[in-house]
Structure formats: structure tokens, C-alpha cells
Amino acid sequence: MRKILLASTLLIGSSFAALADTIEIEMLNKNEAGDRMVFGQELIRAEVGDVIRFVPTDKSHNAQSVKGALPDGQEAFKGKMNAAVEYTVTEPGLTAVVCLPHQALGMVALVVVGDDLGNADAILDARVPGKGKDKLEALIEEARTTAPAAEQPADQSS
Ligand SMILES: [Cu+2]
């Protein structure tokens, strides 16, 4: 009986696209590929209403947004060192997330909400040093080229 209940709960959950998710992103000294000082996931696709939570799996990291590198109306956030921090997605668009001590080494992530890449230029203009900027550029490119198929026919001009 328990099994049946669980299965039906999952079905109900997946049939409501609007149901908000909590997306957990680890802060790591080393990922499975061997990269050092990284977020567990670097291209994060989300929808308005989702909560994105950064967790301190390893020490000496934080997660925070970058001035100018988030959609209009989206509230900035800044996590403390060695602490989890979460924020609720309220606007479509791109948000750059960095670990302050390691952003120059490339410890950054890009949140893509609603497959809206409209503020990509603002992300690239924001102050992120060193490899962090390079990685954000690569993540924007990845977001462009891996957009879900259903989203592609609408706009061929970009
Ligand atoms: Cu870090």
C-alpha cells in the first residue's frame, strides 16, 4: 500500500509543471571530474517560484549574486562563508552566482530561468574576475545551444 501511495504522489508531482521545486547546489573543493573549487552544478535551469539552495558540502565557500548580473526585480542575495543560502526565483532571465573567494578561479554558476537569455549582455558586463568571467561566457553559450527543443522555433533571429 505504501508503495502505491508513493508512486501516485510522484505522478501527481510531475503532472503539475507549475509546482515549485527546491534545487540544491553543492559548494565543493573538488567535483567528480576533478575540477577544484566549483559549484556542483554550473548551468542551473529553473522556473519562477523555484527555490535555489546552495549548500556548504565543503568548507571555505559562499554563494552570492553579482551586482547587475540578475534580472530586473530579482532580489540580490549574499550567503555567509561556510553557510547554506537560498533564494526564491521571482523573475525570468539570467542570474550569475559566484563564490567570493574563488570566483577568479572559476567558481561561478549561471541560473537560467524560463530559458530567457535577454540579459546575457548584462551578465558579461558585470564585474567578475579572471576565469569566472570566462566560465560565465561559456555557460551562456551552453544555455543558448542546449535550449529545450520546444523553445527553439519561436525566435530564429538571435
Ligand atoms: Cu569557493
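Residues numbered from 1 in each chain as written. Predicted model: local features only at pLDDT ≥ 70, side-chain atom pairs only at ≥ 80, totals over all residues. Heavy atoms only, no water.

### Regarding the UniProt feature "binding site: Cu cation" (unreviewed entry) in the protein chain
No. 1: On the UniProt side, "binding site: Cu cation" (unreviewed entry) is annotated at positions that read H61, C99, H102 and M107 here. The greatest C-alpha distance among the annotated residues, which extend across 47 residues, is 9.3 Å, indicating that they converge on a single site.
No. 2: Within the element layout of this structure, C99 appears in the loop between β7 (93–98) and β8 (108–113).
No. 3: By relative accessible area, M107 is classed as buried at 0%.
No. 4: What M107 contacts, discounting residues up to four positions off in sequence, is M27, L28, M37, V38, F39, H61, V97, V98, C99 and H102. (UniProt positions renumbered as here; feature names shortened; annotations may be inferred. Helix = DSSP H or I, 4+ residues; strand = E, 2+ residues; numbered from the N terminus. Buried < 20%, exposed > 50% of the residue type's maximum accessible area, 1.4 Å probe, protein only. Contact = heavy atoms within 4.5 Å.)

### A look at the coordination of the copper ion
Coordination angles at a metal have ideal targets, namely 109.5 degrees for four tetrahedral donors and 90 or 180 degrees for six octahedral donors.
No. 1: Here the copper ion is held by the protein donor atoms H61 (ND1), C99 (SG), H102 (ND1) and M107 (SD), which lie 2.0 to 2.5 Å from it.
No. 2: Seen from the copper ion, its 4 donor atoms lie at angles of 92 to 132 degrees, and the figure they make is tetrahedral. (Donors = N, O, S within 2.8 Å, 3.2 Å for Na, K, Ca; no water. Tetrahedral: all angles 85-135°; square planar, octahedral: opposite > 155°, others 65-115°.)

### Topic: the sheet that holds strand β6 (residues 85–88)
No. 1: Spatially, the 4 strands line up as an open sheet ordered β2-β1-β4-β6, and their pairing is mixed. Sheet topology places β2 (36–39) and β6 at the edges, where each strand pairs with a single neighbour. On average, each strand axis in the sheet is inclined to that of its neighbour by 15 degrees, with strand direction left out of account.
No. 2: As paired elements, strand β1 (residues 22–30) and strand β4 (residues 51–55) share 5 bridges and run parallel to each other. Across the sheet, I25 pairs through a bridge with F54, a residue of β4. (Pairing = 2+ DSSP bridges. Axes fitted to C-alpha atoms, helices over the stretch in contact; angles between N-to-C directions.)

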